[in-house]
Amino acid sequence: MCTQADHGHELAPRPEQTPGALRAALAVVAPARLPEMQRTKDEAFAKAVEWQSLSPVQSWVLAWARDIEIARRPDLSARHARATRDLEHEDAAVAQEALRELSAVLDEAMKAVRT
């Protein structure tokens, strides 16, 4: 597990960016998403073979590291849930702000896992 900046209470440490470590972390913070993780992993590995490139696997690792970062941090998780809920709001201004907030959450999580 990696060290990270203090963001308050975290549900689990930030995992190493390996398939096994990401799977173990997801099993703690969002176990219902394990089948989705396996399906997208299979797809990424199939594309890697087809394309003769590791880029699909690297993208898979980063996407899941980002999603786990959000799930393991209650601060980001709450912001993500609120923004996702408000995306379909009848008030266009609320929906637009939700889109900005969702983008900010995703950017913050990606920045955290890339450090």
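Owing to the predicted nature of the structure, the values given are computational and were not obtained by experimental measurement.

Cut-offs used in this document
Residues numbered from 1 in each chain as written. Predicted model: local features only at pLDDT ≥ 70, side-chain atom pairs only at ≥ 80, totals over all residues. Heavy atoms only, no water. Core = buried A, V, L, I, M, F, W, Y, C linked by side-chain atoms within 4.5 Å. Buried < 20%, exposed > 50% of the residue type's maximum accessible area, 1.4 Å probe, protein only. Helix = DSSP H or I, 4+ residues; strand = E, 2+ residues; numbered from the N terminus. Contact = heavy atoms within 4.5 Å. Axes fitted to C-alpha atoms, helices over the stretch in contact; angles between N-to-C directions. Parallel < 35°, antiparallel > 145°, perpendicular 65-115°, else oblique. Nonpolar A, V, L, I, M, F, W, Y, C, P; charged D, E, K, R; others polar. Salt bridge = Lys/Arg side-chain N within 4 Å of Asp/Glu carboxyl O. Polar contact = N/O pair within 3.5 Å; in protein donor to acceptor, adjacent residues only side chain to side chain.

**Brief notes about the nonpolar core**
Counting 17 residues, the largest nonpolar core has Leu22, Leu26, Val29, Met37, Trp60, Trp64 and Ile68 as its most contacted members. Every element with two or more residues in this core is listed here: helix H1 (19-29), helix H2 (34-51), helix H3 (55-72) and helix H5 (92-114). Counting residues per element, this core draws most heavily on H3, which supplies 6 residues. Excluding residues that lie within four positions of it along the chain, Val29 makes contacts with Leu11, Ala12, Ile68, Ala71 and Arg72.

**Description of the packing of H2 against H3**
Relative to each other, H2 and H3 sit at 160°, their axes nearing to 7 Å. In terms of axis orientation, H2 runs roughly antiparallel to H3. Of the residues in H3, those touching H2 at Glu36, Met37, Thr40, Lys41, Ala44, Phe45, Lys47, Ala48 and Trp51 are Ser55, Pro56, Val57, Trp60, Trp64 and Ile68. Of the residues in the contact of H2 with H3, the class split is 10 nonpolar, 2 polar and 3 charged.

**Concerning the pattern of salt bridges**
This structure, assessed with the given rule, holds 14 salt bridges. Notably, a salt bridge pairs Arg79 with Glu101, separated by 2.5 Å at the nearest N-O pair. A residue pair is termed long-range when its members are at least 10 positions apart, and Arg79 in helix H4 (residues 74-86) and Glu101 in helix H5 qualify at 22 residues. With its nearest N and O atoms 3.2 Å apart, the salt bridge here joins Arg100 to Glu97. In this pair, Arg100 and Glu97 are both assigned in helix H5, 3 residues apart and thus about one turn of the helix distant. By relative accessible area, which is 46% here, Arg100 ends up partly exposed. A single network of salt bridges, built from pairs that share partners, joins Glu10, Arg14, Glu69, Arg72, Arg73, Asp75, Arg79, Glu101 and Glu108.

**Topic: the side chain of Asp67**
Along the polypeptide, Asp67 turns up in helix H3. Asp67 gets classed as buried once you look at its relative accessible area, which sits at 16%. Polar side-chain contacts of Asp67 include one of 2.9 Å to the side chain of Arg66.

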